[in-house]
Amino acid sequence: MSKLSKVLFIDSVHPILEERLVTLGIHCEHDYHSSKSQLENTIQNYQGIVIRSRFTIDKVFIDKAKQLKFIARSGAGLENIDVEYAEKSGIKIINSPEGNRNAVGEHALGMLLMLFNQLKKGDHEVRNQIWDREGNRGLEIEGKTVGIIGYGNTGSSFAKKLSGFDCRVIAFDKYKSVESKFAENVTLDYLKNCSDIISIHLPLTKETEFFIDETFIDSCSKPFYLINTARGNHVKTADLINGLRTKKVLGACLDVLEYETKSFETIASDNLPEDFLFLSKSEQVVLSPHVAGWTIESYKKLSSVLADKIEQLFFKN
């Protein structure tokens, strides 16, 4: 049992989180606009903070947060938090990957179906009164091998979604053996040798940054389709484009891009390279603005999961 008196919301989330914290007797405040340095002057007054990705919570910020007992990240990724230092400082790190795993799984499948069935091209052509059936002949998922890299919440959700498509699903996770009725546990080399489609479901760390690069692409035994609904910096865009040009990569579904800001709210539109123009014009690429986990349902579920975890950690014996 632990008393929490004040929690600061640094980013907006579904109101159900605040409603449930208030029910527990916690006073909630909001500051969505002050800079990180400004918040460092007041953060010592709070026992908890709720954030998405507005700025990095680093050692300097943590040292200022003298009373902080938890950092609640709405979402899965923790790359904007110095987790190791926070935990050494006695701060609980809480995230909510369970809240949007279904949304990410559905979105990955939707992007793949859109790419395979040329729905972007066909929709554009019909709107312009072009009726080209042969030019929009599609592909089927059935009979293909889908390789999933990272078998946590979103990787396993995607595998479950694929279970009705009569395809083979294999998975590699460096940190655990994949024990699932929806995917076979394989090595990374085996996955690269056998996959027709490769989907990335990794946290962003120094180890996984630019995981998909020229070396990775060249080490795959056959051309493949790539899906990335994790983080933009998992994929070296220039190397991906070279793979698309040489047909080592047959197509790509990208919900995230290397060019996103740290908050994920925009891309650096004033300084986008030629590589982005290639992606935007390619009929072999499907793009979306980092919304794989961004549904009406996940918006609420992300906050509900955080509320459950905070209650369990601090209000249950």
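Every chain begins its residue count from 1, and numbering advances along the sequence as written. Local features in a predicted model are, by the rule used here, given only for residues with pLDDT of at least 70; side-chain atom pairs are given and counted only at 80 or more, and totals for whole chains, interfaces and linings are based on all residues. Each side-chain value is worked out from all heavy atoms of the structure, with water and hydrogens disregarded.

**Student:** Would you explain the overall build of the protein chain in this entry?
**Tutor:** Where helices and strands are cited, they refer to DSSP runs of H or I of at least four residues and of E of at least two residues respectively, numbered from the N terminus. If you tally the helices and strands in the protein chain, you get twelve helices and twelve strands. All radius of gyration figures rest on C-alpha atoms, and the globule criterion is 2.2 Å times the number of residues raised to 0.38. Against the compact-globule benchmark of 20 Å for 317 residues, the protein chain has a radius of gyration of 21 Å, which places it among compact chains. Once the C-alpha set of the protein chain is aligned to its principal axes, its extents read approximately 65 × 45 × 35 Å. Across the 317 residues that make up the protein chain, the buried fraction comes to 48%. Accessible surface area values rest on a Shrake-Rupley calculation with a 1.4 Å probe, where residue burial reflects the displayed protein chains alone. Of the roughly 16100 Å² of accessible surface on the protein chain, a fraction of 50% belongs to carbon and sulfur atoms. A residue counts as positive if it is Lys or Arg and as negative if it is Asp or Glu; His and the chain ends are not included. Charged side chains are reduced to one point each, which is NZ for Lys, CZ for Arg, CG for Asp and CD for Glu. For the protein chain, the centre of its 40 positive side-chain charges and the centre of its 43 negative side-chain charges are spaced 4 Å apart. Each residue's exposure class comes from its accessible area (1.4 Å probe, protein chains only) as a fraction of the maximum for that residue type: buried when under 20%, exposed when over 50%, partly exposed otherwise.

**Student:** It is not clear to me how unusual backbone geometry should be interpreted in this structure. Could you clarify?
**Tutor:** Most peptide bonds adopt trans geometry, and most residues besides glycine take a negative phi value. Look at Gln 118: it is not a glycine, yet its phi comes out positive at around 50°. Its location among the elements puts Gln 118 in the loop between α5 (97-116) and α6 (119-127). In this structure, Asp 166 is a non-glycine residue whose phi angle is positive, near 55°. Residue placement: Asp 166 occurs in the loop between α7 (153-162) and β7 (168-172).

**Student:** Looking at this structure, I do not really get the packing of helix α10 (residues 237-246) against helix α11 (residues 274-281). What am I missing?
**Tutor:** Any two packed helices are characterised by how steeply their axes cross, that is the angle between the axes, and by the distance between the axes. Axis geometry follows a simple rule: fit a line to the C-alpha atoms, using only the stretch in contact for helices, then measure angles between N-to-C directions, giving values from 0 to 180 degrees. Interaxial distance between α10 and α11 falls to 10 Å at its minimum, and their mutual angle equals 45°. Regarding the angle of α10 to α11, the classification is oblique. Here α10 and α11 pass one another in a crossing that is left-handed. Judged by residue contacts, Thr 237, Ala 238, Ile 241, Leu 244 and Arg 245 of α10 engage Asp 275, Phe 278 and Leu 279 from α11. Residues are sorted three ways: Asp, Glu, Lys and Arg are charged, Ala, Val, Leu, Ile, Met, Phe, Trp, Tyr, Cys and Pro are nonpolar, and all the rest, Gly among them, are polar. In terms of residue class, the contact of α10 with α11 is built from five nonpolar, one polar and two charged. Roughly parallel means an angle under 35 degrees; roughly antiparallel, over 145; roughly perpendicular, 65 to 115; everything else is oblique. Definitions for this section: a left-handed crossing has its near helix turned counterclockwise from the far helix by less than a right angle. A right-handed crossing has that turn clockwise. Any two residues whose heavy atoms approach within 4.5 Å are treated as being in contact.

**Student:** What is the right way to read the sheet that holds strand β12 (residues 285-287) from this model?
**Tutor:** In a beta sheet, neighbouring strands pair by backbone hydrogen bonds and run either parallel or antiparallel. At least two DSSP bridges between two strands are needed for those strands to be called paired. With parallel pairing, seven strands are arranged side by side in an open sheet as β8-β7-β6-β9-β10-β11-β12. Edge positions in the sheet fall to β8 (184-185) and β12, since each of these pairs with one other strand and no more. Bridge count for strand β11 (residues 249-254) against β12 is three bridges, and the pairing is parallel. Looking at β12, one finds that Cys 253 is bridged to Val 286. Where α5 meets the sheet, its contacts fall on β9 (197-200), β10 (224-228), β11 and β12, and the angle it forms with β11 comes to roughly 135°. Strands β10, β11 and β12 of the sheet are contacted by α10, whose axis makes an angle of about 140° with β11.

**Student:** Is there a simple way to explain the pattern of salt bridges in this structure?
**Tutor:** Oppositely charged side chains are able to pair whenever their charged atoms sit close together. Only one rule defines a salt bridge in this text: a Lys or Arg side-chain nitrogen within 4 Å of an Asp or Glu carboxyl oxygen. On inspection of all chains with the given rule, the structure shows 19 salt bridges. Here Arg 231 ties to Glu 79 by a salt bridge, and the two come within 2.4 Å at their closest N and O atoms. Of this pair, Arg 231 sits in the loop between β10 and α10 while Glu 79 sits in the loop between β4 (70-73) and α4 (83-88), and the two are 152 residues apart along the sequence. By relative accessible area, Arg 231 is classed as buried at 11%. Relative accessible area serves as the criterion here: at 30%, Glu 79 is assigned to the partly exposed category. Notably, a salt bridge pairs Glu 134 with Arg 137, separated by 2.7 Å at the nearest N-O pair. Each of Arg 20, Asp 308, Glu 311 and Lys 316 takes part in one network of salt bridges that share partners.

**Student:** Teacher, can you tell me more about the environment of Leu 302 here?
**Tutor:** Position of Leu 302 among the secondary structure elements: in helix α12 (residues 296-315). A relative accessible area of 8% places Leu 302 in the buried class. The spatial distance from the C-alpha of Leu 302 to the C-alpha of Asn 100 is 6.5 Å, given a sequence separation of 202 residues. The residues touching Leu 302, leaving out its near neighbours within four places in the chain, are Ser 74, Gly 75, Ser 96, Gly 99 and Asn 100.

**Student:** Would you mind showing me how to read α12 here?
**Tutor:** Because an α-helix packs 3.6 residues into every turn, residues spaced three or four apart end up facing the same way. Multiply 1.5 Å by the residue count of a helix minus one, and that product is the helix's expected span. Between its first and last C-alpha atoms α12 spans 28 Å; for 20 residues at 1.5 Å apiece the expected length is 28 Å, and the two agree. Here α12 has its buried residues at Ser 298, Leu 302, Ser 303, Ser 304, Val 305, Leu 306, Ala 307, Ile 310, Phe 314 and Phe 315. On its buried face, α12 is in contact with α1 (16-23), β4, β5 (92-95) and α5.

**Student:** Honestly, α10 in this entry has me stumped. Any pointers?
**Tutor:** Regarding α10, the residues found buried are Thr 237, Leu 240, Ile 241, Gly 243 and Leu 244. Projected down its long axis, α10 shows its buried positions confined to an angular sector of 155°, all on one face. Buried residues along α10 sit in contact with α9 (214-219), β10, β11, α11 and β12. The directions considered for the arc are those from the helix axis to the C-beta atoms.

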